[in-house]
Amino acid sequence: MTDLTKLGVAAIRTGVASGEFNAVEVAEAFNANVAAAKALNAFIVETPEKAIEAAQAVDADRAAGNPLGKMAGVPIGMKDLFCTEGVQTTAASHILEGFVPTYESTVSANLWKAGAGMLGKLNMDQFAMGSSNETSYFGNVISPWRRGGGDNAALAPGGSSGGSSSAIAARLCPAATGTDTGGSIRQPAAFVGISGIKPTYGRCSRWGVVAFASSLDQAGPMSRDVRDCAIMLEAMAGFDPKDSTSLDLPVPEWEAGLNSDLRGKKVGIPKEYRLDGIDEDIAAMWDNGIAWLKDAGAEIVDISLPHTKYALPAYYIIAPAEASSNLARYDGVRYGLRDLPDGAGLQDMYAATRAAGFGAEVRRRIMIGTYVLSAGFYDAYYTQAQKVRALIARDFEAAWAQCDLILAPTAPSAAFGLGEKTSDPLAMYLNDVFAVPASLAGLPAMSVPGGLDKQGLPLGLQIVGKALDEQGVLNAGLAIEERAGFTAEAEKWW
Amino acid sequence: MLAATTGLLAIRTTRNPMSVDKDTVNKIAKLSRIAISDEEAEKMVGELNGILAWVEQLGEVDCSGVEPMTAVIPNHLRLRDDVVTDGDVRERVLANAPAREGSFFGVPKVIE
Amino acid sequence: MSEYRIQGITGEWEVVIGLEVHAQVTSNAKLFSGASAAYGGEPNSHVSLVDAAMPGMLPVPNRECIRQAVRTGMAINAQINKWSRFDRKNYFYADLPQGYQISQLYHPIVGEGEIEVILDEKDANSPRKTIGIERIHVEQDAGKLMHDQHPTMSYVDLNRSGVALMEIVSRPDMRSPAEAGAYVKKLRSILRYVGSCDGNMEEGSMRADVNVSVRKPGEEFGTRTETKNVNSIRFVMQAIEVEARRQVDLIEDGGTVVQETRLFDPNKLETRSMRSKEDAHDYRYFPDPDLLPLELDDAFLEECRASLPELPDAKRARYEAMGLTAYNAAVLTAEAETAFWFEDLLAERVDPKQGSNWLLSELFGALNRLGKSLEESPVNPKQAAELLGLVADGTISGSISKQVFEIMLETGQGAAAIVEEKGLKQTSDTGAIEAEIAKIIAANEDKVAEYRSGKDKLFGFFVGQTMKAMGGKANPGVVNELLKKALDQ
Ligand SMILES: [Mg+2]
Ligand SMILES: [Zn+2]
């Protein structure tokens with residue numbers, strides 16, 4: 001029998017539906033891989049019994065001839081930012097250690113309704129703040145990838161959805177949820193050679209997802225290929241009256257709409273992303289991407305996104321500002337950690353709890369956010385950043401007059417080693433330089449594998465689309481996937 | 001490492017006109033309700049100044065006549081009907097309380 | 001309108017007052033969650049996961065709360081902002097689960113308006129004054145802390161957390177405790193007319209933050225203090241009085257007033273600094289990223305306007321035009337319940353003058369005696385109209401109507417049924433009345449002689465005797481006529 005853990009979402013769904021294998025067998029196979037991969041530290045909590053339960057229900061439905069959901073029989077990993085009823089949810093923070101939600105996030109509930117099962121809660125950067133998965137209270141996630149030539153240095157799986165990327169690349173799950181605030185789906189996908197899409201802001205409900213920066217946070221799927229992303233996004237997305245920013249639109253049939261024929265499509269290449277010091281492997285991969293899209297029938301046009309340079313600084317005002325307020329609820333009163341030093345009053349308890357509960361990066365961002373919102377600085381920082389954000393959105397609007405999609409690298413480099421960038425927060429922030437503009441504008445954006453660099457590490461190509469045009473993004477992703485022939489896998493060492 | 005990069009990846013290290021000192025760091029920490037040691041505050045001075053100096057390049061963008069962004073995607077605020085659909089879930093509300101006192105959350109005594 | 005002056009050692013001082021009134025919006029559910037907004041309830045029972053600020057919970061605004069704020073704004077002729085938005089006011093306190101209050105700072109839903117107040121509602125000649133309203137915004141209420149349940153702990157109850165409030169901010173236009181009292185009264189009356197707030201100050205549905213400063217008349221405004229959460233009109237007036245006095249004494253003693261929040265202690269009749277809130281002064285307001293801007297369309301505004309009732313000032317003018325006294329018109333319109341009761345009475349075709357006199361004397365007198373409010377009145381407008389109709393058409397006399405009303409209050413029976421059952425119908429049967437008059441004249445010859453010799457006042461005595469003999473059921477007009485005829489012959 002084939003190794004079921006080699007299969008992706010579509011293959012598992014089809015196999016289960018046809019009776020080639022049953023869902024419980026699939027769940028057991030992935031449970032075993034999860035159990036054997038502690039070295040990657042991809043999961044904070046493992047829930048093998050949940051995976052089995054969901055699989056049994058699918059098998060029973062199939063036996064009874066009931067219709068099966070879009071994700072029937074597919075066990076997945078759930079980023080620990082999604083609240084899951086009865087299962088600890090921490091956002092990888094000490095401050096939420098032991099917190100067991102009495103509710104289920106809309107996105108995860110949608111997935112369970114579609115027949116998916118949960119293998120466990122995936123590790124991540126604490127409160128989704130980070131690009132390397134080195135800020136988790138529960139330890140670093142290790143990428144399954146290693147540089148070639150006997151270099152055994154542990155590499156970052158990217159972040160913040162690094163548990164998701166590592167687990168998929170290591171075949172601990174065929175797919176996983178991610179969230180993307182400033183690149184947190186795309187960059188980790190790029191680092192481990194998988195696909196991931198951040199849909200248009202408002203497609204996936206934020207209800208029940210631990211908030212980082214509300215105006216940017218968006219959930220999306222991560223998986224081994226474009227089709228699997230389309231299937232899973234269909235299951236995750238949808239209008240939710242409990243989220244005021246949710247889009248009241250029907251969910252398109254993205255999987256059925258997949259079509260890699262790009263004739264008639266124009267793809268823009270933003271000149272501002274062509275950095276002077278750009279990594280040559282990245283530049284070469286980008287050129288390959290352009291050639292592939294041409295081959296698929298697309299017309300390539302040069303475009304300009306003049307405010308690109310300001311996206312990252314604007315992001316590092318807006319996201320921390322929102323976070324400083326969103327994270328005020330972690331105060332040791334209603335849930336989570338409480339640190340009550342002897343004789344402490346209420347305000348001392350807050351300060352002690354939050355100092356002990358939040359990691360260094362979270363504390364740093366809360367402080368930045370507090371500062372930029374504080375009296376006398378609000379307009380200079382926050383208002384100005386929101387104006388620049390409007391200009392960045394306008395840049396994209398102007399670009400859409402010339403093209404339908406934009407192609408760029410996902411990240412400025414391949415995966416770096418753990419610890420290589422932790423000493424300088426700014427150096428770490430720069431990792432998201434290509435990912436952040438689309439986040440600020442709320443646009444759908446996807447990363448697909450574009451090849452390997454000289455060290456044998458995966459690189460990602462990013463496609464950005466117009467608002468609501470996930471289909472266009474997925475189709476271009478598919479066109480690249482079909483031509484890139486990316487089959488490389490991390491060699492198993494864990 | 002940063003000096004090697006230019007363009008988009010460059011970090012401007014111009015003097016920060018709103019430079020943060022240790023007192024300011026302590027003030028922000030207090031506003032944020034995060035206890036901070038002296039060494040931490042010391043270290044944070046450098047980090048915050050670095051980040052703030054970098055974000056201050058936004059000041060060079062001409063934003064005259066530009067409204068700050070209010071909605072990422074054109075969308076309208078939906079209003080719900082005035083119907084009681086929730087509440088009466090005390091056990092769920094109190095389930096994770098670090099110091100539950102009967103039907104209440106307990107906190108160190110507040111003197112008003 | 002009033003020259004309220006505080007006498008200091010250095011001369012006279014004037015007090016300058018502005019009020020921020022928090023009025024709970026009348027609604028079934030909370031502003032951003034589906035939990036009940038009802039007063040009371042077991043601790044932490046009217047609480048949703050949103051109100052408890054669980055991770056990942058999001059606010060969704062309640063249309064009715066927005067609608068009521070708009071209607072209130074329209075009732076004070078205010079600017080309604082079709083584009084507004086919610087901001088977060090960030091601070092840490094145990095009654096504030098989110099760590100921020102969702103409020104409106106930069107773009108409130110209601111802009112400038114005004115309210116006309118009359119110092120003494122019951123005096124038609126009482127001076128009037130227009131108090132400016134700066135804004136009304138919508139925001140969340142906080143939870144409640146209890147400090148007396150445990151030696152070392154305070155208890156948190158989130159039942160109030162997230163209930164919708166309107167914050168109605170006046171201009172610093174008031175110059176005396178009486179003006180401030182009249183303003184709160186009038187505001188409460190408007191809110192009740194509109195139905196946007198029940199105005200129940202005991203339950204905390206309305207409370208005022210009182211901004212007070214003092215100055216020498218004609219000089220610049222002084223530094224103000226804000227006395228928080230004063231929860232009755234009397235306390236508002238007292239708090240102003242004592243706070244103004246304190247400031248005058250302080251300044252004359254060489255001190256300076258500090259801008260701070262204070263607390264009013266009605267037992268000690270003093271205000272005290274609230275030190276616990278001292279360092280929470282950088283609220284870091286910014287637009288709530290969980291909520292989009294609030295945009296109101298014309299249809300919504302039209303419905304708000306169309307659903308507004310006639311407001312107290314307009315109603316009072318109309319009543320005066322109907323011929324009611326200024327006093328009656330003022331008293332009938334001062335409280336919404338009275339006005340609505342009276343309207344119901346008018347709808348039953350009761351004569352306005354007869355109805356207003358009866359309502360203000362008979363009904364109010366009875367309710368006073370019974371210790372009941374108008375809402376608890378055992379007699380409803382329909383029943384009252386039946387009673388008044390019997391008087392109007394001569395079926396019973398005014399004095400019998402009082403008797404009937406007493407029985408109505410006791411038994412809940414209808415007026416006509418009581419009159420029928422007890423045989424209280426008034427008689428105009430001249431024969432029967434003349435027979436009684438003849439008997440009375442015969443039995444009181446001395447008094448007849450006195451009357452005839454010029455003691456006119458005795459006429460009342462004969463009326464009384466006749467009515468008594470008739471069991472009160474004789475038509476007083478007929479009795480008068482027949483008595484005159486018999487005595488003057
Ligand atoms: Mg106030
Ligand atoms: Zn307020």
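Everything quoted here is computed from the prediction, not taken from an experiment. (Residues numbered from 1 in each chain as written. Chains lettered and ligands numbered in written order. Predicted model: local features only at pLDDT ≥ 70, side-chain atom pairs only at ≥ 80, totals over all residues. Heavy atoms only, no water.)

A word on the overall build of chain A
Next, step 1: When its secondary structure is counted, chain A shows 15 helices and eleven strands.
Next, step 2: Over its C-alpha atoms chain A spans a radius of gyration of 21 Å, differing by no more than 12% from the 23 Å that the globule rule assigns to 494 residues.
Next, step 3: In terms of its C-alpha atoms, chain A occupies a principal-axis envelope of roughly 65 × 55 × 50 Å.
Next, step 4: Relative to its full complement of 494 residues, chain A shows a buried share of 71%.
Next, step 5: The long-range fraction of contacts in chain A, counting pairs at least 24 apart against all pairs at least 6 apart in sequence, stands at 77%.
Next, step 6: Total accessible area computed for chain A in this model is approximately 13,900 Å², and 49% of it derives from carbon and sulfur atoms.
Next, step 7: Across chain A, the mean location of the 41 positive side-chain charges is 3 Å away from that of the 56 negative side-chain charges. (Helix = DSSP H or I, 4+ residues; strand = E, 2+ residues; numbered from the N terminus. Rg over C-alpha atoms; globule rule 2.2 N^0.38 Å. Buried < 20%, exposed > 50% of the residue type's maximum accessible area, 1.4 Å probe, protein only. Contact = heavy atoms within 4.5 Å. Areas by Shrake-Rupley, 256 points an atom, 1.4 Å probe, with all protein chains shown as cover. Lys, Arg positive; Asp, Glu negative; His and termini not counted. Charge placed at Lys NZ, Arg CZ, Asp CG, Glu CD.)

Some remarks on the overall build of chain C
Next, step 1: A tally of regular secondary structure across chain C gives 15 helices and 16 strands.
Next, step 2: Taken over C-alpha atoms, the radius of gyration comes to 30 Å for chain C, far larger than the 23 Å a tight globule of 489 residues would show.
Next, step 3: Each of the three principal axes of chain C carries a C-alpha extent, and together these read 95 × 55 × 50 Å.
Next, step 4: Taken across its 489 residues, chain C has 57% of its residues classed as buried.

Comments concerning helix α3 (residues 48-63) of chain A
Residues that lie three or four places apart on an α-helix share one face, since the helix turns once every 3.6 residues.
Residues and elements named next belong to chain A.
Next, step 1: Taking 1.5 Å per residue, 16 residues should reach 22 Å; α3 reaches 22 Å between its end C-alpha atoms and fits that length.
Next, step 2: Where α3 is concerned, the buried positions are A51, I52, A54, A55, V58 and D59. In a view along the axis of α3, the buried residues occupy a sector of 165 degrees, so they form one face of it.
Next, step 3: Of the surrounding secondary structure, the elements contacted by the buried residues of α3 are α1 (9-18), α2 (23-35) and β3 (117-122). (Expected span 1.5 Å × (residues − 1). Arc of directions from axis to C-beta.)

Remarks on the interface of chain C and chain A
Next, step 1: With 31 residues of chain C at the contact, the number on the chain A side is 38 residues.
Next, step 2: Regarding the contact of chain C and chain A, the summed buried area is about 2,800 Å², with carbon and sulfur atoms giving 59% of it.
Next, step 3: Area buried by chain C at its contact with chain A is led by P55, L58 and F92 of chain C, which between them contribute 23% of it.
Next, step 4: If you look at where chain C meets chain A, you find one salt bridge. (Buried area = accessible area lost by both parts, 1.4 Å probe. Salt bridge = Lys/Arg side-chain N within 4 Å of Asp/Glu carboxyl O.)

Here's the deal with the interface of chain A and chain B
Next, step 1: Each partner contributes to the interface: chain A provides 83 residues, whereas chain B provides 56 residues.
Next, step 2: Summing both partners gives a buried area of about 5,800 Å² for chain A against chain B, and 72% of it is carried by carbon and sulfur.
Next, step 3: For chain A, the biggest contributors to the area lost against chain B are M367, Y371 and L426 of chain A; these three give 12% of the whole.
Next, step 4: Summed over the shared surface of chain A and chain B, the result is three salt bridges.
Next, step 5: In this structure, E40 of chain B and R363 of chain A form a salt bridge, with 3.6 Å as the shortest nitrogen-oxygen distance.
Next, step 6: Between chain A and chain B we count 19 residue pairs in polar contact (both at pLDDT 80 or more) in total.
Next, step 7: Secondary structure elements with two or more residues in the side of chain A that touches chain B: α9 (311-326), α10 (346-357), α11 (360-373), α12 (378-399) and α13 (425-429) of chain A.
Next, step 8: Each residue belonging to the side of chain A that touches chain B can be placed in one class, and the counts come to 48 nonpolar, 20 polar and 15 charged. (Polar contact = N/O pair within 3.5 Å; in protein donor to acceptor, adjacent residues only side chain to side chain. Nonpolar A, V, L, I, M, F, W, Y, C, P; charged D, E, K, R; others polar.)

As for the coordination of the zinc ion (ligand 2)
All names here are of chain C.
Next, step 1: The coordination sphere of the zinc ion (ligand 2), as far as protein atoms go, consists of H22 (NE2), E139 (OE) and E167 (OE), spread over 1.9 to 2.1 Å.
Next, step 2: Mapped onto the sequence, the residues coordinating the zinc ion (ligand 2) show the spacing H-x116-E-x27-E.
Next, step 3: For the pair the zinc ion (ligand 2) and the magnesium ion (ligand 1), the metal-to-metal distance amounts to 5.1 Å. Taken together, the residues H22 in strand β2 (residues 11-24) and E139 in strand β7 (residues 128-140) connect sequence positions 117 residues apart. Each member of the pair, H22 as well as E139, is classed as buried. (Donors = N, O, S within 2.8 Å, 3.2 Å for Na, K, Ca; no water.)

Re the domain arrangement of chain C
Next, step 1: Its domain assignment divides chain C into domain 1 (6-300), domain 2 (310-422) and domain 3 (430-487).
Next, step 2: For domain 1 of chain C and domain 3 of chain C, the distance between their C-alpha centroids amounts to 66 Å. (Domains from an automatic or database assignment.)

Side note on the pattern of salt bridges
Next, step 1: Within the structure shown, the criterion is met by 68 salt bridges over all chains.
Next, step 2: Among the ionic pairs, K38 of chain A bridges to E46 of chain A, the shortest N-O distance being 2.7 Å.
Next, step 3: R316 of chain C is the salt-bridge partner of D313 of chain C, the closest N and O atoms lying 3.9 Å from each other. In this pair, D313 of chain C and R316 of chain C both sit in helix α5 (residues 312-321), three residues apart, roughly one turn of the helix.
Next, step 4: Owing to a relative accessible area of 30%, D313 of chain C belongs among the partly exposed residues under this scheme.
Next, step 5: Since its relative accessible area comes to 8%, R316 of chain C is described here as buried.
Next, step 6: Beyond isolated ion pairs, a larger network of salt bridges with shared partners links E3, R5, E12, E14, R175 and R215 of chain C.

A closer look at the packing of α2 of chain A against α3 of chain A
Residues and elements named next belong to chain A.
Next, step 1: The contact between α2 and α3 brings their axes to 7 Å, and the two run at 165 degrees. The orientation of α2 relative to α3 falls into the category roughly antiparallel. At the point where α2 passes α3, the crossing takes the right-handed sense. Contact with α2, carried on its side by A23, V24, A27, E28 and N31, involves P48, A51, I52, A55, Q56, V58 and D59 of α3 and no other residues of that element.
Next, step 2: Here the contact of α2 with α3 is composed, by residue class, of eight nonpolar, two polar and two charged. (Axes fitted to C-alpha atoms, helices over the stretch in contact; angles between N-to-C directions. Parallel < 35°, antiparallel > 145°, perpendicular 65-115°, else oblique. Left-handed = near helix turned anticlockwise from the far one by under 90°.)

Comments concerning unusual backbone geometry
Residue and element names in this part refer to chain A.
Next, step 1: With an omega of 5 degrees, the peptide bond running from G159 to S160 counts as cis.
Next, step 2: Topologically, S160 is positioned in the loop between β3 and α5 (162-169).
Next, step 3: Phi is positive for A92, which is not a glycine, with a value near 60 degrees.
Next, step 4: By the secondary structure assignment, A92 is in the loop between β2 (75-79) and α4 (106-113).
Next, step 5: Residue classification places A92 among the buried positions, given a relative accessible area of 0%.
Next, step 6: Positive phi values are uncommon outside glycine, yet R171 reaches one of about 60 degrees.
Next, step 7: Mapped onto the fold, R171 is located in the loop between α5 and β4 (175-180).

Let's talk about the coordination of the magnesium ion (ligand 1)
Next, step 1: Coordination of the magnesium ion (ligand 1) by the protein is provided by E20 of chain C (OE), D209 of chain C (OD) and E226 of chain C (OE), with metal-donor distances spanning 2.0 to 2.5 Å.
Next, step 2: Within one chain, the residues serving as donors to the magnesium ion (ligand 1) are arranged as E-x188-D-x16-E.

Considering the sheet that holds strand β1 (residues 100-101) of chain B
Next, step 1: Ordered by their spatial adjacency, four strands build an open sheet running β1(B)-β2(B)-β9(C)-β8(C), and the pairing between neighbours is antiparallel. Bordering the open sheet on either side are β1 of chain B together with β8 (144-146) of chain C, each of which pairs with just one other strand.
Next, step 2: Relative to strand β9 (residues 153-157) of chain C, strand β2 (residues 104-108) of chain B runs antiparallel, the two sharing four bridges. What sits directly across from F105 of chain B, in β9 of chain C, is V156 of chain C. (Pairing = 2+ DSSP bridges.)

A closer look at the sheet that holds strand β4 (residues 87-90) of chain C
Strand-to-strand pairing in sheets goes through backbone hydrogen bonds, with the strands running parallel or antiparallel.
Next, step 1: Pairing in this open sheet of three strands is antiparallel, and the strands run β5-β4-β15 (chain C) from one edge to the other. Of all strands in the sheet, those bounded by a partner on one side alone are β5 (100-103) and β15 (286-287) of chain C.

Quick notes on helix α1 (residues 63-75) of chain C
Residue and element names in this part refer to chain C.
Next, step 1: In this model, α1 (13 residues) spans 18 Å end to end at C-alpha, consistent with the 18 Å of a helix rising 1.5 Å per residue.
Next, step 2: For α1, a buried count of twelve out of 13 residues is recorded, marking the element as mostly surrounded by other parts of the structure.
Next, step 3: All of the buried residues along α1 are E64, C65, I66, R67, Q68, A69, V70, R71, T72, G73, M74 and A75.
Next, step 4: For α1, the secondary structure elements touched by its buried residues are β7, β10 (164-170), α2 (177-194), β16 (294-295) and α4 (298-306).
Next, step 5: Its side-chain oxygen at 2.9 Å from the backbone nitrogen of E64, N62 defines the N-terminal cap of α1.

A short note on the confidence of the model for chain C
Should pLDDT be low for a region, the predicted coordinates there are not to be read in detail.
Next, step 1: With 98% of its residues at a pLDDT of at least 70, chain C reaches an overall mean of 93.
Next, step 2: Listed scores for the predicted complex are pTM 0.92 and ipTM 0.96. (pLDDT = per-residue confidence, 0-100.)

A look at the nonpolar core
Next, step 1: Counting 225 residues, the largest nonpolar core has M71, L111, F127, L172, F396 and L407 of chain A as its most contacted members.
Next, step 2: Considering every element that reaches this core, the biggest residue donor is α12 of chain A, with eleven residues.
Next, step 3: Beyond its immediate chain neighbours, meaning those up to four positions away, F127 of chain A contacts A91, S93, I95, L96, V210, F212, L327, Y330, F358 and V362 of chain A.
Next, step 4: Of all hydrophobic cores here, the second largest spans 72 residues; its members include I6, A69, I136 and L311 of chain C. (Core = buried A, V, L, I, M, F, W, Y, C linked by side-chain atoms within 4.5 Å.)

A word on the environment of D429 of chain C
All names here are of chain C.
Next, step 1: With respect to the element layout, D429 can be found in the loop between α11 (415-422) and α12 (430-443).
Next, step 2: Here D429 falls in the partly exposed class, since its relative accessible area comes to 43%.
Next, step 3: Along the backbone, D429 and A474 are 45 residues apart, and their C-alpha atoms lie at a distance of 8.1 Å.

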